[in-house]
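# Survey of secondary and tertiary structure
In case you want the letters, here they are:
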Amino acid sequence: MVPVPLEALWIIFPAYLANASAVLVGGGPPVDFGKTWKGKPLLGAGKTWRGLLGGIGIGAVVGYLQAIVYPEYFGGYPVFLLTVFFLAAGALIGDITESFFKRRIGKKRGEKWFLADQLDFLIGALGVAFLGSILIEIAGLTESNWFLDTFSLWHILFLVFFTPLIHFIINNIGFKAGVKEVPW
Ligand code: CTP
Ligand code: MG
């Protein structure tokens, strides 16, 4: 049997990678095109189209390679084409959603928001993957819910506690390497 932490990290990796690659490939036009709402940026300049689409692309492509190696973790072919995409896209949808609320409460781009900054992409990835799995089941592509079949409470608990830690370590490396403007 594969240990829960290893399994959890393997399955969530497309989401982690999508989030991390957005930092590397980001730049250019912002997702909100500079729009403001009640005097505050809608999302802010830290959310760009390049980061969003590039991050999803990189996360999904690596996830597809993972799914070719171990298809069973991602629902098998052809379902993995969807589940992997949901994990990668969900990560950056969660990140954008967090920025939306961060701006509403008046925090500036890059300002610290403890736990929200660290968990946004995990919550987004799990949430979108869960909703997506319901649609996949309704569409008749699976006989049961991929998300519920794949993630136990232990996998999720491990990820909720471990993600802020790994986020902290990776962001510090990114900051010291000069690719990230702030170490969080
Ligand atoms: N990034 C991007 N596009 C995205 C997500 C991230 O270009 N959709 C890039 C930006 O350069 C951003 C960096 O990745 O500054 C780090 O992302 P994050 O920490 O989420 O953004 P912050 O700059 O901290 O902005 P916010 O306060 O809105 O979280
Ligand atoms: Mg964020």
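See the structure above.
Here's what I pulled together on the structure shown here. None of these values were measured; they are calculated from a predicted model.

Bringing the coordination of the magnesium ion (ligand 2) into the picture now. For a metal with four donors in a tetrahedral arrangement, the ideal angle between donors is 109.5 degrees, while six donors in an octahedron ideally sit at 90 or 180 degrees. All of the protein donors around the magnesium ion (ligand 2) are Asp95 (OD), Glu98 (OE) and Asp120 (OD); their distances to the metal are 2.6 to 2.8 Å. Written as a sequence motif, the donor residues of the magnesium ion (ligand 2) are D-x2-E-x21-D. Of this pair, Asp95 and Glu98 both sit in helix 3 (residues 79-104), 3 residues apart, which is roughly one turn of the helix. Residue classification places Asp95 among the buried positions, given a relative accessible area of 13%. Looking at Glu98, the relative accessible area reads 8%, which means it is buried.

For the rest of this paragraph, the subject is a nonpolar patch on the surface. On the surface, Phe130, Leu131, Ile134, Leu135, Ile138 and Leu148 cluster together into a nonpolar patch covering about 590 Å² of accessible area. When residues in the nonpolar patch are grouped by element, the largest group, 5 residues, is from helix 4 (residues 116-138). Structurally, Phe130 can be placed in helix 4.

This part is about helix 6 (residues 153-176). Because an α-helix packs 3.6 residues into every turn, residues spaced three or four apart end up facing the same way. Along its 24 residues, helix 6 runs 35 Å from first to last C-alpha, staying within 8% of the 34 Å computed at 1.5 Å per residue. Phe162 marks where helix 6 bends most, by close to 35 degrees; the proline Pro164 follows one to four residues later. If you check which residues of helix 6 are buried, you get His155, Leu159, Thr163, Pro164, His167, Asn171, Asn172 and Gly174. At the exit of helix 6 stands Gly178, carrying a positive phi of roughly 85 degrees.

What follows concerns the environment of Thr36. For Thr36, the location among the structural elements is in strand 1 (residues 36-37). Using a relative accessible area of 53% as the deciding quantity, one classes Thr36 as exposed. Residues Thr36 and Phe151, 115 residues apart in the sequence, show an inter-C-alpha distance of 38 Å. With residues near it in sequence (within four places) discarded, Thr36 still touches Pro41 and Leu42.

With that settled, consider the site of ligand 1. Taken together, 18 residues sit near ligand 1, with Lys47, Thr48, Ser99, Arg103 and Arg109 positioned nearest. Lys102 has a polar side-chain atom sitting 2.9 Å from an oxygen atom of ligand 1. In this structure, Gly110 approaches ligand 1 through a main-chain N or O atom, which is 2.8 Å from an oxygen atom. Isolated, ligand 1 exposes 570 Å² of accessible area, and the fraction of that covered by the protein chains is 88%. When each cavity is represented as a set of grid points, ligand 1 is found to reside in the largest pocket. Breaking the shell around ligand 1 down by element, the ones donating at least two residues are helix 1 (4-25), helix 2 (49-69) and helix 3. With 5 residues, the top contributor of residues to the shell around ligand 1 is helix 3. Its residues placed into classes, the shell around ligand 1 shows 3 nonpolar, 7 polar and 8 charged.

Each value, and the rule that gives it
- Residues numbered from 1 in each chain as written.
- Chains lettered and ligands numbered in written order.
- Predicted model: local features only at pLDDT ≥ 70, side-chain atom pairs only at ≥ 80, totals over all residues.
- Heavy atoms only, no water.
- Donors = N, O, S within 2.8 Å, 3.2 Å for Na, K, Ca; no water.
- Helix = DSSP H or I, 4+ residues; strand = E, 2+ residues; numbered from the N terminus.
- Buried < 20%, exposed > 50% of the residue type's maximum accessible area, 1.4 Å probe, protein only.
- Patch = residues over 30% accessible without salt bridge, like charges linked within 9 Å, V, L, I, M, F, W, Y side chains within 5 Å.
- Areas by Shrake-Rupley, 256 points an atom, 1.4 Å probe, with all protein chains shown as cover.
- Salt bridge = Lys/Arg side-chain N within 4 Å of Asp/Glu carboxyl O.
- Expected span 1.5 Å × (residues − 1).
- Bend = angle between axes of the 7 residues up to and from the residue.
- Contact = heavy atoms within 4.5 Å.
- Near = heavy atom within 4 Å.
- Polar contact = N/O pair within 3.5 Å; in protein donor to acceptor, adjacent residues only side chain to side chain.
- 1 Å grid on protein atoms, 1.4 Å probe; cavity = no way out; pocket = protein on both sides within 12 Å on 5 of 7 lines; lining within 4 Å.
- Sits in = over half its atoms within 2 Å of the grid points.
- Nonpolar A, V, L, I, M, F, W, Y, C, P; charged D, E, K, R; others polar.

Such coordinate-based values are descriptive only and should not be taken to indicate function.
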